[in-house]
Protein chains: 2
Amino acid sequence: MESATETHGSESLLFLTDEQLRKGIEAMFFAYRAFTADPDRILENYEYGRAHHRAIHFINRQPGLTVSTLLAMLGVTKQSLNRVLRTLVADGLVEARVGRQDKRERNLHLTARGASLERELSDAQRARMRAAYRNAGPAAVTGFRQVLEAMMDPDLRRYYQSMKDSAP
Amino acid sequence: MESATETHGSESLLFLTDEQLRKGIEAMFFAYRAFTADPDRILENYEYGRAHHRAIHFINRQPGLTVSTLLAMLGVTKQSLNRVLRTLVADGLVEARVGRQDKRERNLHLTARGASLERELSDAQRARMRAAYRNAGPAAVTGFRQVLEAMMDPDLRRYYQSMKDSAP
DNA sequence: TTGGAAAGTCAACATAGCTGACATAAAATC
DNA sequence: GATTTTATGTCAGCTATGTTGACTTTCCAA
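Residues numbered from 1 in each chain as written. Chains lettered and ligands numbered in written order. Predicted model: local features only at pLDDT ≥ 70, side-chain atom pairs only at ≥ 80, totals over all residues. Heavy atoms only, no water.

A. The sheet that holds strand β2 (residues 94-98) of chain A, seen in detail. Residues and elements named next belong to chain A. Read from one edge to the other, the open sheet built from 3 strands follows the order β1-β3-β2, with strand pairing classed as antiparallel. This sheet does not close on itself; its edge strands, each paired only once, are β1 (65-66) and β2. As defined by bridge partners, β2 adjoins strand β3 (residues 106-110) across 5 bridges and the pair is classed as antiparallel. By the bridge assignment for β3, R97 is matched with N107. (Pairing = 2+ DSSP bridges. Helix = DSSP H or I, 4+ residues; strand = E, 2+ residues; numbered from the N terminus.)

B. Local environment of the pattern of salt bridges. Scanning all chains against the criterion turns up 26 salt bridges over all chains. Notably, a salt bridge pairs A:R104 with A:D102, separated by 2.8 Å at the nearest N-O pair. Accessibility expressed as a relative area gives 71% for A:R104, which makes it exposed. B:R50 is the salt-bridge partner of B:D40, the closest N and O atoms lying 2.7 Å from each other. (Salt bridge = Lys/Arg side-chain N within 4 Å of Asp/Glu carboxyl O. Buried < 20%, exposed > 50% of the residue type's maximum accessible area, 1.4 Å probe, protein only.)

C. Local environment of the packing of aromatic side chains. On inspection of all chains with the given rule, the structure shows 15 aromatic pairs over all chains. An angle of 75° between the planes, with centres 5.9 Å apart, marks the rings of A:Y133 and A:F144 as edge-to-face. In this pair, A:Y133 sits in helix α5 (residues 112-136) while A:F144 sits in helix α6 (residues 138-151), placing the two residues 11 residues apart along the sequence. Connected via pairs of aromatic rings, a cluster forms that spans A:F29, A:F30, B:F58 and B:Y159. The ring centre of B:Y160 lies 3.9 Å from the NZ or CZ of A:K23, which sits over that ring. (Phe/Tyr/Trp six-rings, centres within 6.5 Å; stacked < 30°, edge-to-face > 60°. Lys NZ or Arg CZ within 6 Å of the ring centre and 35° of its normal.)

D. Looking closely at the side chain of B:R126. With respect to the element layout, B:R126 can be found in helix α5 (residues 112-136). Here A:D18 takes part through its side chain, which lies 3.0 Å from a polar atom of the side chain of B:R126. (Polar contact = N/O pair within 3.5 Å; in protein donor to acceptor, adjacent residues only side chain to side chain.)

E. Representation of the interface of chain B and chain A within the structure. Counting residues at the interface gives 69 residues for chain B, matched by 70 residues for chain A. Taken over both partners, the interface formed by chain B and chain A buries close to 7200 Å², and the fraction arising from carbon and sulfur atoms is 69%. Contact with chain A buries surface across chain B, with B:R22, B:K23 and B:F30 losing the most and accounting together for 10% of the total. The interface formed by chain B and chain A holds 12 salt bridges in total. Measuring nitrogen to oxygen at the nearest pair gives 2.7 Å for the salt bridge that ties B:R61 to A:E26. Put simply, chain B and chain A have 24 residue pairs in polar contact (both at pLDDT 80 or more) between them. No other element matches the 18 residues that helix α1 (residues 18-46) of chain B contributes to the side of chain B that touches chain A. When its residues are assigned to classes, the side of chain B that touches chain A shows 35 nonpolar, 16 polar and 18 charged. (Contact = heavy atoms within 4.5 Å. Buried area = accessible area lost by both parts, 1.4 Å probe. Nonpolar A, V, L, I, M, F, W, Y, C, P; charged D, E, K, R; others polar.)

Spelled out as structure tokens, the structure:
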């Protein structure tokens, strides 16, 4: 499995050796841990967890989204999400409005307080991301996003690609 | 490609807009979920979890490492790790040898069975990583690794950089 | 010889996943 | 209009994995 790519003649596929792939795996692990560390620290002050952060993030990204849409993005059970949403609604960070056309649906929005926490969390996370981007440079950022995109499950990739990407 | 890299001057930092950074954050989230999905599925058959996988991964990477070294890499408490290690040792996947110089230390090694599970998990994870790498191309892979590296906490980055990177 | 580091263990707890069962309201279908 | 399906919410209970705190054992090194 190792040397299969090296016998290709050109060294253009050297990055597919087992060692290279293992390094990529470790890079994902270490980077993801750093990536969540700042928000986690902030969330402790509010007695919320990572699950709350994720919900808040996606509600902010797509205001008015329904519970089932959010479920699909988070990839958890409705029971698990509901526990989180209940506290966020009770604490006045999220508003669940009855759907206009379909009254079974709940359209989720951040309140002013919810938006404020979202900003605090996002600021910290973006600061680290920005520093990493600055350090690595624009070309690296493009590659970074390309690889992550290729790694995603197709359904989520479709959602991901549909989101707006540049400043208004 | 993004338009951010195509122009220079004031627009050369367009990739640092909030929207771009938020996309990067989402990319990390979605990709990381896909990244862990395959091993998680395999681990269910063995009644192990992600924590076992991580321990097995690092013991394989650095055979003979001590418990404290592993703790530093995983970033969890010794109580949490100990629960995992105990089951792995009891099940005959990991061997904890008393240190030769310092007998307080335990040098961790995978047994044949442990190495076999490691391979099964790693094969799945590398397959996805390989597919993503193939799809994105060598230049993207370089960028991917650069950004992840820049995102890591310095201590772990040092460990990460010290690991061998190419096939022997 | 003693202090402190490395490792292991016990207890108790929290978070956030999960399954299964069930309830309600509204939409969709027959 | 009656029935079925869908979207959501909820209760109960389980599991995995993290946490803190207190304690012991081992044993290196000053």
